[in-house]
Each structure stands twice: as C-alpha cells, then as structure tokens.
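# Structure at a glance
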Amino acid sequence: MLGALAALPAITTDMYLPSLPAVAQDLEATQAAAQFTMSGMLIGAGVGQLVIGPFSDRFGRRLPLLIGISLHVVTSILCSVTPDIASLIGLRVCQGFFNAAASVVAIAVIRDRFVGSDAARLLSRLMLVIGVAPLFAPTIGQAIAGAWQWRAVFYALALIGLALVLIVWRFMPESLPREQRRSGAPRQVAGGYLALLRDRHFMALAVIPGLGLAVIMSYVVGSPFVFQDEYGLSQGQFAAVFAVNGAAIVGSAQLNAALVRRAAPIRVLRVAVIVQLVCALVLLGIVLTGFGGIVGLVAGLWLVLGTQGMIPANASVLALHNYGHMAGTAAAVIGALQSGVAGVVSPFVGLLGGDSLAMVCVMLTVVVLTLVVLAAGTPAYRKGGWRERDGMDPGPTATASETEEREAEQVEVQGPDQRS
C-alpha cells in the first residue's frame, strides 16, 4: 500500500510521458513548454511537501493523505479539459502539490516504525514499486492516448487516485499516535525547519535524493524526443525501451535491499555514487562517438539508471535517522528538495537543444554534483567517516562495544518521545 502511494507521482509522470509530442502539437506549444508540464509538476510537489509534512506531524498521516489524493483526482479531471498549454502547466503544478501527500506520508510512515538498515530495506522496497511504474505506465498511457487521445490519460489518473483514496480509507491505520504529534504552531514549524536547515549533514544527505531524481527526470523529459524524433522509434518501441531502463532501477533497488543487510547504508551510498559517475562518463563517450548506435545509448543509460536505486533510499534513511520526533517535517524537506531540484534541473535538457547530447550532459553534471555534495557535506569519504555522524550506523560488521557506544551517544541527542 505504501509503495502504491509513493508511486503515485511516478505514475502521474510516466503515463503522461509518451503523450508529450502530441500535447505540444495539439496545444500549439514548443517542446520546452511541453516538457515544463513535467517540470512544473515537480516544482509543485516540492512546495506541497513543505506544507503537507508539518501538517502530517500535527494531524497524523491519514487526514492529509486523504485530502491530497482527493484533490489530485479533481486536478486530473481539470487537466483533461484544459484549452491551452499555460493552463495545463498551472494545473500540473497543482497536481504535483496535491499528490505530494502520497510520497511524503509514505516515507514518514516508514520512519514512524523503523530506523537504520530496516528502514533502508523498506525504502528500497518502495523504490521497487516506484520502479515498476516505468515498466507499465508508459505502455498503458500510450494505449489510452492511442485509443482516446492524450486527454484520456488524465481520466485514468483520476480513477487511480480514487482507488487509492478508497484503499487508504479502508486499510491504512494511523501510524502517529496523538501523544506524539506536534502542536503545528507556526513558531514550532518554523523552528523545526530551521533546525533541519542548520544541520549541515542532514541537508547534504537530503539534497542527494533530489539530485538523483534530477538524473532520472533529465532522462524522462528528454527521452521521448531523443528516441522518437532523433532515432525514429515509434511510441510502442519507445515504451519498450523505457521499460528496459525502468527494469534497471527496479533491479538496483532490490540489490540495495540485500546489500544493506550486510553493510551500513553509508558504505553502499558512497560506492554507488562513484560507480554512477564512471557509468555516466561511459555514456557520454557513447553519445560523442556514436558507438553502438541506439543499442549503445540504451546500454549506457541502463548502466547509469541501474545505480540509481542504491542512492536515494540510503541517503534518505541516513538523513531521517535522528529526526523521528518530526519525521513528517524532515521527510517534507527531503521530498521538497527532491522535487524542487529535479524540477529546476530537468528543463535544461530542452533549453540546451533536447537532443541526446544535451540529455546526457545534464545527467553527467548532476552526477558530478552528487559526488561533490556527499564528499564535502558529509564524512562519508573520510577514514571511519560512517561512525562520525549520528545516524551513519557502523552496520552489521560493528563490534558490540561500538554499537553500545553509539546507542549511548544517541540517547543524549534524542527527544523524550524517541527514547520512549
């Protein structure tokens, strides 16, 4: 259930993706304007999570979730009847704002119940469900648009939202007891955000999922034009290629769930970032030389995206570790950065020309930034760095004395509700 909720934004993106060229043509819009209907949704999601996160800390997880998904249904219906590209962009921003409730609450519920490697494994399972969206959503969206045009895709998204409302209403228990809820006063909300912003390690780890999503979204917004216009693939062939690369994200998420049973999340994270940089450099070489044609391009993208499943989940669980008493607010910051960074970065693909070189250059730049943020903002690459930061647990290989020492240290920094 949490996986389906976390996947709602991805489904909303991927089902609509094959229709981008048709939207540009039907609404007489430029390629960059059509792509901004994707980026605008991410920006709306970033703002929405900053609002919905504290709201969920105050009123529990169920209420903001039900409200957010219900309004997602309404905006989906309005998107289906929009007359021009400007109103579609505005509605997509609203759609992102409202369905942000699904992703921020899903992460907060996990933090309500789990920490450390257990939380990392569960977040990896969420990545599995999110990763399944690219396997099926574009094909379904293409079939719907082919039969009833692109506007019908939004009716399908409304039905999906309605189904999730019924499922949450019937089956989802409240994970945040009343006695653990925050007052929600403006001063307390502002104080919570200020405490997070002052935590340099938290902010470094929190921005990494955003950079990761920027890699994916740079590929997502550029791929329809690269594969269909530059390489001449049909919509069905593009959906198949998109599914292949989606399988890479699914596979790496499952690999990560297995790896964190044996190694601390920070160790997996720091290796995955370096591997992704090497793969991105290989991908750039493929595009510059034309080696392997479209097969080479797909293979290079598969490698870069295949490391992505091992980055956001581990960075998120490390960032959340010390903030169980305000998990909704902390998850909101992570989610806002995730959507906001991706929303700001991904339009550069269209602005730089929208071809394969522009797409890959943006992806490579973001991967480099990820390595810089991790190296400069955390002790991840210093000797013994995974033990220097509360939350960077020493992992299953730690000695009993190391574990006891860390637990004693964490008692001093945690609030009463965490100690209980």
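Further up the page is the structure itself.
All residue numbers refer to positions counted from 1 along the written sequence of the respective chain. This being a predicted model, a pLDDT of at least 70 is required before a residue's local features are given, and a value of 80 or more before pairs of side-chain atoms are given or counted; all residues contribute to the totals for chains, interfaces and linings. With hydrogens and water stripped out, all remaining heavy atoms of the structure feed into the side-chain values.

### Quick notes on the nonpolar core
Put simply, the rule reads: As used here, the term nonpolar core means buried Ala, Val, Leu, Ile, Met, Phe, Trp, Tyr and Cys residues forming a set that is joined through side-chain atoms within 4.5 Å. In this scheme, a residue with accessible area under 20% of its type's maximum is buried, one over 50% is exposed, and one in between is partly exposed, where area comes from a 1.4 Å probe on protein chains only. Each helix corresponds to a stretch of at least 4 residues labelled H or I by DSSP, and each strand to a stretch of at least 2 residues labelled E; elements are numbered beginning at the N terminus. Contacts: residue pairs with any heavy atoms within 4.5 Å of one another.
L88, Y219 and F227 are the most contacted members of the largest nonpolar core, which totals 68 residues. Among the elements that line this core, the one with the most residues is helix α9 (residues 200-230), at 13 residues. L88 has contacts with Y16, V23, L27, T37, C79, T82, W150 and F154, leaving out every residue within four places of it along the chain. Membership of the second largest hydrophobic core comes to 53 residues, among which are I52, L66, I69 and A119.

### Details of the packing of α9 against helix α10 (residues 235-259)
The criterion, for reference: Geometry is summarised by axes, namely lines fitted to C-alpha atoms with helices restricted to the contacting stretch, and by angles between N-to-C directions that run from 0 to 180 degrees. Any angle that is under 35 degrees is reported as roughly parallel, and any over 145 degrees as roughly antiparallel; angles of 65 to 115 degrees are reported as roughly perpendicular and all others as oblique. Throughout, a crossing is termed right-handed when the near helix is turned clockwise from the far one, and left-handed when it is turned anticlockwise from it by less than a right angle. Think of it as three bins: nonpolar holds Ala, Val, Leu, Ile, Met, Phe, Trp, Tyr, Cys and Pro, charged holds Asp, Glu, Lys and Arg, and polar takes everything else, Gly as well.
Packing of α9 against α10 brings their axes to within 10 Å, and their N-to-C directions diverge by 150°. Here α10 runs roughly antiparallel to α9, going by the angle between their axes. Handedness of the crossing formed by α9 with α10: right-handed. The segment α9 lies against α10, with I216, Y219, V220, S223, P224, F227 and Q228 engaging Q235, F238, V241, F242, N245 and I249. Each residue belonging to the contact of α9 with α10 can be placed in one class, and the counts come to 9 nonpolar, 4 polar and no charged.

### Some details on a nonpolar patch on the surface
For clarity, the cut-off: In this scheme, patches are assembled from residues that exceed 30% relative accessible area and form no salt bridge. Like charges are connected within 9 Å, while nonpolar side chains (Val, Leu, Ile, Met, Phe, Trp, Tyr) are connected within 5 Å. Per-residue and other accessible areas follow the Shrake-Rupley method at a 1.4 Å probe size, with only the shown protein chains counted as cover for residues. Criterion for a salt bridge: a side-chain nitrogen of Lys or Arg within 4 Å of a carboxyl oxygen of Asp or Glu.
A cluster of nonpolar side chains, F59, L63, I67, L71, V74, I77, L78, V81 and Y155, forms an exposed patch at the surface whose accessible area comes to about 750 Å². Take the nonpolar patch: its biggest share by element is 6 residues, from helix α4 (residues 62-79). Turning to its location among the elements, Y155 is positioned in helix α7 (residues 151-171).

### Thoughts on helix α16 (residues 356-377)
Put simply, the rule is: By definition here, a helix of n residues has an expected span of 1.5 Å times n minus one.
Spanning 22 residues, α16 covers 31 Å between terminal C-alpha atoms, matching the ideal 32 Å at 1.5 Å per step. When we look at burial in α16, the residues that qualify are S356, A358, M359, V360, V362, M363, L364, V366, V367, T370, L374 and G377.

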